[in-house]
Amino acid sequence: VLEPETLVIGATYDVEVVSNLTRTQLVQYAGASGDYNPIHTDEIYATEVAHYPSVFAHGMLTMGMTGRMLTDYVGDDRLLEYGGRFVSQVWPGDSLNACATVVAVITEASSPRVKLSVVTTNQNAEVVFEGYALARVDRL
Amino acid sequence: MLFARAIGDPNPIYYDPGYAEQTQIGGIIAPPTFVQVQAHYDPEHRMRPRPGVPWVGSGRESSGVLGSTTPRSGGTGLHAEQHFRYHQALRPGDILHSQRSEGKTWTKTGRRGGKLLFADEVVSYTNQRSELVVAVRSVRVRTERPVSA
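Residues numbered from 1 in each chain as written. Chains lettered and ligands numbered in written order. Predicted model: local features only at pLDDT ≥ 70, side-chain atom pairs only at ≥ 80, totals over all residues. Heavy atoms only, no water.

> Could you give an account of the interface of chain A and chain B, naming the residues involved and the relevant values?
At the interface, 43 residues of chain A touch 50 residues of chain B. For the pairing of chain A and chain B, the buried interface totals around 3,800 Å² over both sides, and the portion due to carbon and sulfur atoms is 57%. Remark: the boundary between chain A and chain B carries one salt bridge. In this structure, the connection of chain A to chain B is made through 14 residue pairs in polar contact (both at pLDDT 80 or more). Among the elements of the structure, helix H1 (23-33), helix H2 (43-49), helix H3 (59-74) and strand E2 (79-86) of chain A are those that each provide at least two residues to the side of chain A that touches chain B. Of the residues forming the side of chain A that touches chain B, the biggest block, eight residues, is contributed by E2 of chain A. Partitioning the side of chain A that touches chain B into residue classes produces 22 nonpolar, twelve polar and nine charged. (Contact = heavy atoms within 4.5 Å. Buried area = accessible area lost by both parts, 1.4 Å probe. Salt bridge = Lys/Arg side-chain N within 4 Å of Asp/Glu carboxyl O. Polar contact = N/O pair within 3.5 Å; in protein donor to acceptor, adjacent residues only side chain to side chain. Helix = DSSP H or I, 4+ residues; strand = E, 2+ residues; numbered from the N terminus. Nonpolar A, V, L, I, M, F, W, Y, C, P; charged D, E, K, R; others polar.)

Right under this line is the structure:
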């Protein structure tokens, strides 16, 4: 859980949320989420019909894995907002690092909050997801 | 727990009642992006194979719907943005109702000159006490050609 004294603008927290993403994990996420779009799990369809180099991850898997970094950082049931943009696709074999940076600390006594920017990058330092989060923190 | 496993999150707050009871939260909760599972509860979700309905993915052929519709030129729908606003934790036993509203649509020219068609929608989830749990805005984009690696 977030220590209020570490809430300095520019402070960062990062987690490797997946290493060598497997096609099996894409199948696992398809089953858990109910999104069976074959573009994510069916190599034959993805390459021969949709003309992609391979299957690729659901955007929401990347966002879900990135959310794990956020809840590890700010604690459970602390998020007020979490959003972002899917910038590049995530492919089997990718390793992702999710990083949060403190951009603002709202010290309002009744509801202290922290505003974070969120960036998830792959092993080539390409941004795959870019967003923000707002979280409740304990009294400063 | 299935969902938490799929996103690779080992946090016991999502599956261990003994652990969860000892926390400030007092019980198991769902991960922040969990409401994506609404696809399971949509009787007509397009991206789930159904008995007797031709499926877009491969079987004997590389796609079960080739020939019955215009072959796809590679243009496809992609998820562009997702925004969650949380109002309270989602807990086991909660019953959610969703209310969907279509938002704006707009077009842009992509990096490689193809036309991109954007559309957004907001889905609000309320629980069995008619309290707002989470509101989700998503933006989808349709491209004219596949996105290159």
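Following the structure, the description resumes.
> Tell me about the pairing of strand E1 (residues 77-86) of chain B, and please be specific about residues and values.
The buried count for E1 of chain B comes to eight of ten residues, which makes it a mostly enclosed element. When E2 of chain A meets E1 of chain B, the two strands line up antiparallel, connected through five bridges. Opposite Tyr 82 of chain A, over in E1 of chain B, you have Phe 84 of chain B as the bridge partner. (Buried < 20%, exposed > 50% of the residue type's maximum accessible area, 1.4 Å probe, protein only. Pairing = 2+ DSSP bridges.)

> So what's going on with the nonpolar core? Residues and values would help.
One finds Leu 70 and Leu 116 of chain A together with Phe 84 of chain B to be the most contacted residues of the largest nonpolar core, which totals 50 residues. It is H3 of chain A that provides the largest number of residues to this core, a total of eight residues. Ranked by size, the runner-up nonpolar core spans 17 residues in total, among them Val 49 of chain A together with Trp 55, Val 56 and Phe 118 of chain B. (Core = buried A, V, L, I, M, F, W, Y, C linked by side-chain atoms within 4.5 Å.)

> Please give an account of the environment of Ser 95 of chain A that cites residues and values.
All names here are of chain A. Secondary-structure assignment places Ser 95 in the loop between E2 and strand E3 (96-106). Of the residues examined, Ser 95 reaches a relative accessible area of 17% and is grouped as buried. Expressed as a C-alpha distance, the spacing of Ser 95 and Asn 20, which sit 75 residues apart in the sequence, is 5.0 Å. Beyond its immediate chain neighbours, meaning those up to four positions away, Ser 95 contacts Glu 16, Val 18, Ser 19, Asn 20, Thr 121, Asn 122 and Gln 123. Polar contacts involving the side chain of Ser 95 include one to the main-chain amide nitrogen of Asn 20, which spans 2.9 Å.

> Can you explain H1 of chain A? Please cite residues and give values.
Those residues of H1 of chain A lying buried are Gln 25, Leu 26, Tyr 29, Ala 30, Ala 32 and Ser 33 of chain A. Positioned one or two residues after H1 of chain A, Gly 34 of chain A has a phi angle of 85 degrees, which is positive.

> Which residues make up the sheet that holds strand E5 (residues 127-136) of chain A, and what are the values?
Pairing within the open sheet is antiparallel, and its nine strands lie in the order E1(A)-E3(A)-E4(A)-E5(A)-E2(A)-E1(B)-E4(B)-E3(B)-E2(B). In this open sheet, the two edge strands, each paired with only one partner strand, are strand E1 (12-18) of chain A together with strand E2 (97-109) of chain B. Pairwise comparison of adjacent strand axes, ignoring direction, gives a mean angle of 15 degrees for this sheet. With six bridges connecting them, E1 of chain A and E3 of chain A associate as antiparallel partners. What sits directly across from Val 18 of chain A, in E3 of chain A, is Leu 96 of chain A. Lying over the sheet, H3 of chain A contacts E1, E2, E3, strand E4 (113-121) and E5 of chain A together with E1 of chain B, oriented at roughly 145 degrees with respect to E2 of chain A. (Axes fitted to C-alpha atoms, helices over the stretch in contact; angles between N-to-C directions.)

> Lay out the pairing of strand E4 (residues 132-143) of chain B with the relevant residues and their values.
Residue and element names in this part refer to chain B. Relative to E4, E1 runs antiparallel, the two being bridged by nine bridges. Of the residues in E4, the one forming a bridge with Phe 84 is Val 136. Here strand E3 (residues 115-126) runs beside E4; their pairing, made up of eleven bridges, is antiparallel. Of the residues in E4, the one forming a bridge with Tyr 125 is Val 134. Connecting E3 to the antiparallel partner E4 that follows it, the hairpin turn spans five residues, and Ser 130 within it adopts a positive phi of roughly 60 degrees.

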